Amino acid sequence: MNILTTRNKIIPPINFCPVEQKLYRSGQPSPLNFPFLSTLKLKCIVWLSNEDPEDSFLEFCEINNIIIQFAAINPDFGEDDNPWDGLNEKSIFSALETLLDKQNYPLLVCCGMGRHRTGTVIGCLRRLMNWNLASCSEEYRRFTGSRGGRILVELLIEGFNKDAVEIDETSIPDFILNTLNY
Amino acid sequence: MDKFLDSLVLQLHCKEISNKIFIKNLLDFYKVKNLHELKPVLAQDNNETFIILENLLLKSEEAVSNNDLQYEEAEEEEEIFEEDLDDKYNPDEHKLKNLALICNNLFYPPENFSNVIGNIYRASFPRTENIAFFKDQLKLKSILVMLSDDYPQDLLNMYSQNNITLFKCPIQGNKEPFINIQDETINKALKIILNPENHPILIHCNKGKHRTGTIVGCIRKLQNWSLTMIFDEYRRFAFPKARGLDQQCIEMFNADEIEEYATERSWLPLNWS
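Residues numbered from 1 in each chain as written. Chains lettered and ligands numbered in written order. Predicted model: local features only at pLDDT ≥ 70, side-chain atom pairs only at ≥ 80, totals over all residues.

Draft legend 1. Looking closely at the overall build of chain B. The helix and strand inventory of chain B stands at 11 helices and five strands. Relative to its full complement of 273 residues, chain B shows a buried share of 34%. A fraction of 67% describes how many contacts in chain B between residues 6 or more apart in sequence connect residues 24 or more apart. (Helix = DSSP H or I, 4+ residues; strand = E, 2+ residues; numbered from the N terminus. Buried ≥ 20, exposed ≤ 12 C-beta atoms within 10 Å, placed from the backbone. Contact = placed C-beta atoms within 7 Å.)

Rendered as structure tokens:
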């Protein structure tokens with residue numbers, strides 16, 4: 001860490017990528033990534049893992065006035081909520097609600113590794129933006145690493161009912177609005 | 001004969017509406033979902049319009065076969081450079097799809113498409129069905145291609161119709177053992193990419209993996225990213241064909257000259273939004 005800070009190099013979080021202007025995705029940021037994260041001037045972070053983020057990360061958000069939205073909702077608070085389970089529909093809609101309000105931007109969507117849960121939400125956002133399914137799936141798999149994509153995640157993206165999303169045209173970000181009237 | 005269809009056909013002939021809008025209107029008018037359902041209904045209801053539609057579809061297919069010939073010639077020339085098979089322009093992949101495809105209200109981004117930073121985007125070689133995405137979603141102003149081949153005419157036409165400027169900056173891919181991308185060439189490309197007057201800009205080669213990945217790596221260098229994270233991003237987009245040479249090229253690229261040039265013009269630092 002000393003070497004890295006003295007050499008003054010920028011280190012984005014694992015699996016970091018811009019999705020749209022002011023919308024980013026990544027895995028869980030570590031202290032190494034904080035200088036970089038500061039440059040994004042984030043207003044809100046959507047946290048999709050059902051495990052709590054590390055303390056250092058929570059602290060970083062508090063110092064920088066970044067709102068963390070815990071979007072992974074366990075429907076019955078049972079103990080069957082495993083980290084490796086996918087997101088349920090309720091969690092996806094709760095995350096999208098944050099993504100559909102331009103007041104929350106600049107915004108980062110992340111989970112532990114930035115692969116499956118983040119991929120699910122971004123995939124559903126692309127469906128909402130009227131992307132064809134093959135392109136959604138290609139984008140999802142780009143971030144899933146050597147073990148590849150999960151069929152269950154892709155089924156969630158395919159089965160996502162975009163008509164069930166309530167849209168308030170006055171508050172959604174322009175990049176989504178542009179695609180709705182297509 | 002129906003007045004609505006009459007005026008629609010007239011608008012098409014006067015080029016007041018595009019082929020796409022013409023078909024869309026027909027679909028809406030007969031309340032059907034696709035061309036497959038439209039054809040029998042239209043043939044029965046209004047044969048004249050049906051023939052016009054058939055001609056329209058036929059023409060779009062003819063254009064493909066003419067262009068195929070051109071692509072083959074361009075490919076033969078490329079043999080001289082011993083390009084990898086996977087790095088080559090594949091005409092089969094770029095056949096103009098049936099117009100029905102662009103009538104289903106979906107966006108078709110090109111493969112390997114992503115935002116790089118701000119108004120800079122990356123992708124593989126565009127196809128005709130991507131144009132609506134470029135125009136309506138990205139509102140592209142320019143495109144930079146890093147290949148020396150002739151550009152497909154149907155795409156050139158569509159770019160000029162949509163006021164998209166095409167820049168060419170041929171870069172020969174890094175190849176074992178002796179072909180290396182020169183800093184000079186990279187600087188030339190970067191001068192186009194970083195210039196805000198050209199934004200929003202899309203950079204592409206064939207697959208959006210090697211040449212595009214190398215250039216994006218150099219952009220990340222200008223952002224002072226650590227090399228490890230630059231390589232990680234490069235490999236994500238080049239998977240499963242990452243090249244060691246491209247990564248070496250990114251590492252050895254001397255950014256001083258372009259950095260000075262771009263800073264003088266206040267193009268740097270790059271902003272995320």
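Draft legend 2. Region of interest: the sheet that holds strand S1 (residues 114–117) of chain B. Residues and elements named next belong to chain B. Reading across the sheet, the five strands line up as S1-S2-S5-S3-S4 and stay open at both edges, with mixed pairing between neighbours. Edge positions in the open sheet fall to S1 and strand S4 (165–168), since each of these has one partner strand only. Strand-to-strand, the axes of this sheet are offset by a mean angle of 25 degrees, without reference to chain direction. Bridge count for strand S3 (residues 142–145) against strand S5 (residues 201–204) is four bridges, and the pairing is parallel. Of the residues in S5, the one forming a bridge with Ser142 is Ile201. Against the sheet, helix H7 (residues 183–194) contacts strand S2 (120–123), S3, S4 and S5, and its axis sits at roughly 165 degrees relative to S3. (Pairing = 2+ DSSP bridges. Axes fitted to C-alpha atoms, helices over the stretch in contact; angles between N-to-C directions.)

Draft legend 3. Examining the environment of Ile21 of chain B more closely. Turning to its location among the elements, Ile21 of chain B is positioned in helix H2 (residues 19–30). For the pair Ile21 of chain B and Glu260 of chain B, spaced 239 residues apart in sequence, the C-alpha to C-alpha distance is 48 Å.

Draft legend 4. Structural context of the confidence of the model for chain B. Per-chain confidence: chain B averages 82 in pLDDT, with 80% of residues scoring 70 or above. This model gives residues 62–81 of chain B a pLDDT under 50, and the stretch forms 20 contacts once residues within four places in sequence are excluded. (pLDDT = per-residue confidence, 0-100.)

Draft legend 5. Structural detail: the interface of chain B and chain A. The interface is formed by 21 residues belonging to chain B together with 23 residues belonging to chain A. A class-by-class count of the residues in the side of chain B that touches chain A yields nine nonpolar, nine polar and three charged. (Nonpolar A, V, L, I, M, F, W, Y, C, P; charged D, E, K, R; others polar.)

Draft legend 6. The arrangement of the pairing of strand S2 (residues 23–26) of chain A in detail. All names here are of chain A. Residues of S2 alternate between two faces, with Leu23 and Arg25 on one and Tyr24 and Ser26 on the opposite face, all of them buried. In terms of strand pairing, strand S1 (residues 17–20) meets S2 through three bridges, oriented antiparallel. Paired with Pro18 across the bridge in S2 is Tyr24. Count of turn residues in the S1/S2 antiparallel hairpin: two residues, of which Lys22 carries a positive phi of about 70 degrees. Direction of pairing for S2 relative to strand S5 (residues 107–110): parallel, over a ladder of four bridges. Looking across to S5, one finds that Leu23 is bridged to Leu107.

Draft legend 7. Representation of the sheet that holds S5 of chain A in the model. Residue and element names in this part refer to chain A. With mixed pairing, five strands are arranged side by side in an open sheet as S1-S2-S5-S3-S4. Each having just a single partner strand, S1 and strand S4 (67–70) make up the two edges of the open sheet. Between one strand and the next, the sheet's axes are offset by a mean angle of 25 degrees, whatever the strand orientation.

Draft legend 8. Inspection of the nonpolar core at higher detail. Formed by 93 residues in total, the largest nonpolar core has its most connected members in Leu48 and Val121 of chain A together with Leu144 and Ala189 of chain B. With six residues, the single largest contributor to this core is helix H9 (residues 227–238) of chain B. Residue contacts for Val121 of chain A: discarding those within four places in its chain leaves Leu48, Ile92, Ala95, Leu96 and Val109 of chain A. Grouped together as the second largest cluster of nonpolar side chains are eight residues, Phe22, Ile23, Leu26 and Leu38 of chain B included. (Core = buried A, V, L, I, M, F, W, Y, C linked by C-beta atoms within 7 Å.)

Draft legend 9. Structural view of unusual backbone geometry. Cis geometry is adopted by the peptide bond preceding Pro200 of chain B, which originates at His199 of chain B and carries an omega value of -10 degrees. Topologically, Pro200 of chain B is positioned in the loop between H7 and S5. Residue Pro240 of chain B is bonded to the preceding Phe239 of chain B through a cis peptide linkage, with omega at -5 degrees. If you trace the backbone, Pro240 of chain B turns up in the loop between H9 and helix H10 (244–252). Its identity is not glycine, yet Asn130 of chain A carries a phi of approximately 65 degrees, on the positive side. Of note in this structure, Asn112 of chain B is not a glycine but carries a positive phi near 55 degrees. Topologically, Asn112 of chain B is positioned in the loop between helix H4 (47–78) and S1.

Draft legend 10. Focus on the environment of Lys168 of chain B. Residue and element names in this part refer to chain B. Tracing the sequence through the fold places Lys168 in strand S4. The exposure class of Lys168 is partly exposed, given the 13 C-beta atoms found within 10 Å. Residues Lys168 and Asn46, spaced 122 residues apart in sequence, show a C-alpha to C-alpha distance of 47 Å.

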